[in-house]
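# Architecture at a glance
Here is how the chains run, residue by residue.
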Amino acid sequence: MERENAWKAYTKKELKELNQLNKEYRRFLDEGKTERECVALAVRMAEEAGYENLADLVAAGKKIKAGDKVYSVGMKKMISLFQIGRRPLEDGMAILGAHIDSPRLDIKQNPLYEEGGFAYLDTHYYGGIKKYQWVTLPLALHGVVVKKDGSVVEVNIGEEEKDPVFCVTDLLIHLAGERMEKKANKVIEGEELDILFGSMPLKGEEKEAVKKSVLEILKDKYGMEEEDFLSAELEVVPAGKARESGIDASMIMGYGQDDRVCAFTSLKAMLEVEDTEYTTCCLLVDKEEIGSVGATGMQSKTFENTLAELMNGMGEYSELALRRCLSNSKMLSSDVSAAFDPTFKAAYEPKNAAYFGKGMVFNKFTGARGKSGSNDANAEYFAGIRRILEDKKVAYQTAELGKVDVGGGGTIAYIMALYGMEVIDCGVAVLNMHAPWEIVSKADVYETKKGYVVFLEDIFSSK
């Protein structure tokens, strides 16, 4: 049952491919630090690969046929891509589904205030974080401000060398004796995660002079009034680029690898595969980190509605055909797994842990304490997946998310399983999951992309 380390078997050609893929991946992480940025990047990559906007085809009354490549965007925060196969859609699709949101700090709707000669932005953290990890880091501000007239201002501050960065301050160790006695989840409270935004007062002003100075800068650079914060989506993320990690450069450290490592490998596999018998699909969604809720989360009907439009454009739509398509589909819920960390080995069950360098990771079930909230994949389905991966010599492993009574987590798998389709969780092992800077193995990125290609091409041959 011991899985071999994939690094040991690579040829020079494979190492070259591995490094090129990971170079592209680091660029993806740098350019896609928010869900909106990821969607815009995915659209650009898809169009370069010959994909067309489904909405444009529908508006033009163009019939969609086998071989066509189409994509559909939902509210600029989720995207689904389809390559139409030769079989009718009701026979099912091969689906790769990942999420593109990541833990972060969100700016509140009424955020700007001054205290003690400083201007601050008030935040509300998004997703599961260790709050103490977010202090004293260089942070960047990404997002959009939408004004009352409908005009949109894009914001990206802190990524370029000439840009200022932001931070959440922390109490100096000399005065922190009492605070250090608190539990880790109380050392920094949620309402203390405010962004230090400025300190220079506006000349000639006495009251809230720093706040007024900040507002003058926002007005000058972005044409933005204070009330425009009400209709803004501004996300605070770690500033800086993803980097190679380790003296051997065998790993990648970067922000948002849960779950953009699976989003990237899914998208790359989707764009690589050509001429399939069954329709292939790549689905990148929002809001997984807060329960897959909202119009752009997996629990919405957006994907189902898109599929209905697609089938209608092919002349195949009926409610029954739509239901058959969904129930006959096979999916990899592409999400990350917790990598075994020897520093904290007490949290893991070593026989059923994911290890760096041993390939893509399958989680037959996720959930917590008794598999609560999990999709538990069928044995027959995983047997077919094992066969096609081993036939194509893709390195893979299986894992659970830590010891049974220690913790757990969820993915979008159980939501798609509601349609009756076969679904299993599969992705890349990650160290420091949900921290500002996460780490993955380059080998696992490479093997996962390979595995996703095999899945799209061969999963229906595994019957």
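Residues numbered from 1 in each chain as written. Predicted model: local features only at pLDDT ≥ 70, side-chain atom pairs only at ≥ 80, totals over all residues. Heavy atoms only, no water.

## Structural notes on the overall build of the protein chain
- Summing up its helical and strand segments, the protein chain has 11 helices and 22 strands in all.
- Against the globule reference of 23 Å for 463 residues, the protein chain gives a C-alpha radius of gyration of 23 Å, in line with a compact fold.
- Taking all 463 residues of the protein chain together, 53% fall into the buried category.
- About 21500 Å² of surface is accessible on the protein chain, with carbon and sulfur atoms providing 52% of the total.
- Distance between charge centroids for the protein chain: 4 Å, based on 60 positive and 76 negative side chains. (Helix = DSSP H or I, 4+ residues; strand = E, 2+ residues; numbered from the N terminus. Rg over C-alpha atoms; globule rule 2.2 N^0.38 Å. Buried < 20%, exposed > 50% of the residue type's maximum accessible area, 1.4 Å probe, protein only. Areas by Shrake-Rupley, 256 points an atom, 1.4 Å probe, with all protein chains shown as cover. Lys, Arg positive; Asp, Glu negative; His and termini not counted. Charge placed at Lys NZ, Arg CZ, Asp CG, Glu CD.)

## A short note on helix H8 (residues 319–328)
- Looking only at H8, the buried set comprises Ala321, Leu322, Cys325 and Leu326. Down the axis, H8 shows its buried residues gathered within 135° of arc, on one side only.
- Where H8 is buried, its residues contact strand E4 (93–99) and helix H7 (302–313). (Arc of directions from axis to C-beta. Contact = heavy atoms within 4.5 Å.)

## Describing the pattern of salt bridges
- The full count for this structure, using the stated rule, is 37 salt bridges.
- One salt bridge connects Arg323 with Glu319, and the closest N-O pair in it is separated by 2.8 Å. Linking Arg323 with Glu319, this pair stays in helix H8, spanning four residues, or about one helical turn.
- Overall, Arg323 belongs to the partly exposed group, its relative accessible area being 34%.
- Residue Arg387 pairs with Asp391 through a salt bridge whose shortest N-O separation is 3.2 Å. Of this pair, Arg387 and Asp391 both sit in helix H9 (residues 379–391), four residues apart, roughly one helical turn. (Salt bridge = Lys/Arg side-chain N within 4 Å of Asp/Glu carboxyl O.)

## Some points on the packing of aromatic side chains
- All chains considered together, the criterion is met by 14 aromatic pairs.
- A ring pair is formed by Trp7 and Tyr10, whose centres lie 5.9 Å apart and whose planes are at 80°; its orientation type is edge-to-face.
- Classification of Trp7 as partly exposed rests on a relative accessible area of 29%.
- A network of ring pairs unites the aromatic residues Trp7, Tyr10 and Tyr446 as a single cluster.
- Across the ring face of Tyr355, the terminal group of Lys358 is positioned such that the distance to the ring centre comes to 5.0 Å.
- For the cation-ring pair, Lys371 lies above Phe365, with the distance from its terminal atom to the ring centre recorded as 4.1 Å. (Phe/Tyr/Trp six-rings, centres within 6.5 Å; stacked < 30°, edge-to-face > 60°. Lys NZ or Arg CZ within 6 Å of the ring centre and 35° of its normal.)

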